[in-house]
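Chain and residue survey
So you can see what is in the structure, the chains are spelled out below.
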Amino acid sequence: MVLALAEQPATWRYGYALCQQLDLKAGSVYPILMRLADRGLLETTWESETSAGRPPRHLYRLTGPGRVLAAELAAAARPGSLNRRAVGGAGYGRVGSGRTVLGGELAVPCTRNPL
């Protein structure tokens, strides 16, 4: 998810758009967004202009530390990278679904070594 946000780091993004881009359900995406924001990796704001009858929505974008993490994750995810687990600390790797944890779409710790 961090790398998806890093594609346009200065652009405010809707959680729903991220759900569609990553092909993940809202029940997975929004808790991850909240954790990333709690850790200072995402900025959040409410949209300022809304259509009549529609409530305002949250918007998300990477902070400076979030951009640094995205750059580290992109470097670690490149083919030939020697140590993917080193990025994000021990315990971060790949889950059984094949989605990269903290290296691509999700930000969820796991206990398996991806190598």
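Because the structure is predicted, anything quoted here is derived from the model rather than measured. (Residues numbered from 1 in each chain as written. Predicted model: local features only at pLDDT ≥ 70, side-chain atom pairs only at ≥ 80, totals over all residues. Heavy atoms only, no water.)

1. Some words on the overall build of the chain
Here is the rule we go by: Helix and strand assignments follow DSSP, with helices taken as H or I runs no shorter than four residues and strands as E runs no shorter than two, numbered in order from the N terminus. Summary of the burial criterion: residues with accessible area below 20% of their type's maximum are buried, those above 50% are exposed, and those between are partly exposed, where the area comes from a 1.4 Å probe applied to protein chains only. Here, residues are in contact when the closest pair of their heavy atoms is within 4.5 Å. For the accessible areas, the method is Shrake-Rupley and the probe is 1.4 Å, while residue cover comes only from the protein chains on display.
If you tally the helices and strands in the chain, you get 4 helices and 3 strands. Of the regular secondary structure in the chain, the N- to C-terminal order runs α-β-α-α-β-β-α. Across the 115 residues that make up the chain, the buried fraction comes to 33%. Considering only contacts within the chain whose residues lie at least 6 apart along the sequence, 44% involve residues at least 24 apart. Carbon and sulfur atoms form 54% of the exposed surface of the chain, whose accessible area is close to 6700 Å².

2. Comments concerning the side chain of Thr63
What counts is decided by this rule: The term polar contact refers here to a pair of N or O atoms within 3.5 Å; inside protein, the definition further demands a hydrogen-donor-capable atom paired with an acceptor-capable atom, and it admits residues adjacent in sequence only when both atoms are side-chain atoms.
Along the chain, Thr63 falls in the loop between β3 (58-62) and α4 (64-77). Polar side-chain contacts of Thr63 include one of 2.7 Å to the backbone oxygen of Gly40.

3. A short note on helix α2 (residues 15-22)
Put simply, the rule reads: Note that the arc is defined by the directions from the helix axis to the C-beta atoms.
When α2 is considered as a whole, its buried residues turn out to be Gly15, Leu18, Cys19 and Leu22. Viewed along the axis of α2, the buried residues span an arc of 105 degrees, placing them on a single side of the element. Within α2, the exposed residues directed more than 90 degrees away from the buried face are Tyr16 and Gln20. On its buried face, α2 sits against α1 (2-6), β1 (13-14), α3 (26-38) and β3.

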